[in-house]
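Report on the structure
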Amino acid sequence: MAEVKDKTEVQNKKMVVDEERCKGCGLCVNVCPVEIIENAEDRINQNGYHPAEIKPENQDKCTSCTQCYQICPDVCITVYKE
Amino acid sequence: MMEKVASYPDSLTEKKFHYCPGCTHGIVHRLVAEIMDEMGIKEETIGVAPVGCSVLAYDYFDCDMHEASHGRAPAVATGIKRVHPDKMVFTYQGDGDLASIGTAEIVHAANRGENITTVFINNAIYGMTGGQMAPTTLEGQKTTTSPYGRNLKEAGNPIRMTEMLSVLDGPAFIARVSVHDPKHIRQAKKALRKAFRLQKEGKGFTMIEVLSTCPTNWGIKPQESLEWLEEYMMPVYPLDVYKDIEEVE
């Protein structure tokens, strides 16, 4: 898990999802105040769920409010702030 | 340079939760783990896991854990706390465990004012065994054992454990919180933090009832279940602090 975090930290994302932990429940999708989180339609994880993600073009809009982290039942979100 | 503002707490192991997608057990696990992190008590905490969906809680909390038989977590926690009065002891129980088979244990542990903290997850249904009617099931709520909805004449009224225990003299802090949105999750964490703090100060029994969801057995989507909780459960189980010894005088 630590590996995933480190790899994505380099990519300068504000919200990082541990995709193998995510169960695609969509609670973060609904709670996001800027509505940029979505379930990835193009891939599934090992358990067959569509993981949550923020598309690269929307990364700038993230305000690091941590609401998605708060609601995530599987604690798979890490939030960074600039 | 990016600064980390929220991440996986140290007091949870790296094991993936087995809970269904959208189940709020995970949120409560995180809150308890974060409090252990903040108070720096991971190494001195002993948790007692129940029987129910959260039976595997001992795999997830990275502190010492003990498994109790069904409903007996407060009795086991009493023993642990009396042998190790310097340790923090908490039980993590569901509504089938605490409000049904374990009613006697919780009532007497609370009445004796045992210096333990109970985290009580109320999702108005038996989750692990496949959605049977629980003592906390709402009037008219359909479950596998109440297919026409809970009939109060046959099955009695939904039991309000928090109100019940708050009239006893033993407890120090009893509150009901919810985890259906980030605002309420923050309030839930505040209540849990206070419960652990009071235990550390040796003030007595503390219990936090957390209104929780069960999308799988309620038969609705995760997001809809949060809305269902707010619309139907909160009027029956009002959120409040029911007992707080720090409020007196």
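Please refer to the structure placed before this passage.
These figures come from a predicted structure and were not determined experimentally.

**Thoughts on the sheet that holds strand β3 (residues 64–67) of chain B**
Residue and element names in this part refer to chain B. One open sheet holds the seven strands; their spatial order is β3-β2-β4-β5-β7-β6-β8, and the pairing between them is mixed. Strands at the two margins of the open sheet, each flanked by one partner only, are β3 and β8 (240–244). This sheet shows a mean twist of 15 degrees between the axes of neighbouring strands, independent of strand direction. With four bridges connecting them, strand β6 (residues 171–178) and β8 associate as antiparallel partners. Note on β8: the bridge partner recorded for Ala175 is Val241. Sheet strands in contact with helix α3 (residues 73–83) are β2 (45–49), β3, β4 (88–94) and β5 (117–122), and its direction is about 175 degrees off that of β4. Across the sheet, helix α8 (residues 182–200) is in contact with β4, β5, β6 and β7 (205–211); its angle to β6 comes to roughly 165 degrees.

**Considering helix α1 (residues 25–39) of chain B**
Given 3.6 residues per turn, any residue in an α-helix points the same way as the ones three and four places further on. All names here are of chain B. Taking 1.5 Å of rise per residue, the 15 residues of α1 would be expected to cover 21 Å, and the 21 Å separating its terminal C-alpha atoms lies within 8% of that figure. Of all 15 residues in α1, 12 are buried, a share of seventy percent or more. Within the span of α1, buried status applies to His25, Gly26, Ile27, Val28, His29, Arg30, Leu31, Val32, Ala33, Glu34, Ile35 and Met36. For α1, the secondary structure elements touched by its buried residues are β2, α2 (57–60), β5, α8 and β7.

**Points about the pairing of β4(B)**
Residues and elements named next belong to chain B. For β4, a buried count of seven out of seven residues is recorded, marking the element as mostly surrounded by other parts of the structure. Where burial is concerned, the two faces of β4 agree: the one with Met88, Phe90, Tyr92 and Gly94 and the one with Val89, Thr91 and Gln93 are both buried. Note: β2 against β4, four bridges, orientation parallel. Bridge pairing in β4 links Thr45 to Met88.

**Re the pairing of strand β4 (residues 77–81) of chain A**
The buried count for β4(A) comes to four of five residues, which makes it a mostly enclosed element. The pairing of β4(A) with strand β1 (residues 3–6) of chain B spans three bridges and is classified as antiparallel. Looking across to β1(B), one finds that Tyr80(A) is bridged to Lys4(B).

**A word on the sheet that holds β4(A)**
Taken together, the three strands give an open sheet; going across it, the order is β1(A)-β4(A)-β1(B), and neighbouring strands pair in antiparallel fashion. With partners counted over all chains shown, the strands left at the sheet margins are β1 (15–17) of chain A together with β1 of chain B, one partner each. Taken over all neighbouring pairs, the strand axes of this sheet differ in orientation by 35 degrees on average, direction set aside.

**Section: the packing of α3(B) against helix α5 (residues 103–111) of chain B**
Residue and element names in this part refer to chain B. Between α3 and α5, the shortest axis-to-axis distance is 7 Å and the interhelical angle comes to 40 degrees. Considered as vectors, α3 and α5 are oriented oblique to each other. Contacts between α3 and α5 involve Pro74, Ala75 and Thr78 on the former and, on the latter, Glu105, Ile106 and Ala109. For the contact of α3 with α5, a count of residues per class yields four nonpolar, one polar and one charged.

**Brief notes about the interface of chain B and chain A**
Taken together, the 23 residues of chain B in the interface contact 26 residues of chain A. Only β1, α1, α8 and α10 (222–236) of chain B provide two or more residues apiece to the side of chain B that touches chain A. Looking at the side of chain B that touches chain A, the element that brings in the most residues is β1(B), giving four residues. Tallied by class, residues from the side of chain B that touches chain A come to 13 nonpolar, five polar and five charged.

**Re unusual backbone geometry**
Most of the time, phi is negative for any residue but glycine, and the peptide bond is trans. All names here are of chain A. Not every positive phi belongs to a glycine, and Glu35 is a case in point at roughly 50 degrees. Taking the C-beta count within 10 Å as the criterion, Glu35 has 11 such neighbours and is therefore assigned exposed. Backbone geometry at Val75 places phi at a positive 45 degrees, although glycine is not the residue there. Looking at the secondary structure, you find Val75 in the loop between α3 (67–71) and β4. Among the residues examined, Val75 registers 23 C-beta atoms within 10 Å and is labelled buried.

Rules behind the numbers
Residues numbered from 1 in each chain as written. Chains lettered and ligands numbered in written order. Predicted model: local features only at pLDDT ≥ 70, side-chain atom pairs only at ≥ 80, totals over all residues. Pairing = 2+ DSSP bridges. Helix = DSSP H or I, 4+ residues; strand = E, 2+ residues; numbered from the N terminus. Axes fitted to C-alpha atoms, helices over the stretch in contact; angles between N-to-C directions. Contact = placed C-beta atoms within 7 Å. Expected span 1.5 Å × (residues − 1). Buried ≥ 20, exposed ≤ 12 C-beta atoms within 10 Å, placed from the backbone. Parallel < 35°, antiparallel > 145°, perpendicular 65-115°, else oblique. Nonpolar A, V, L, I, M, F, W, Y, C, P; charged D, E, K, R; others polar.

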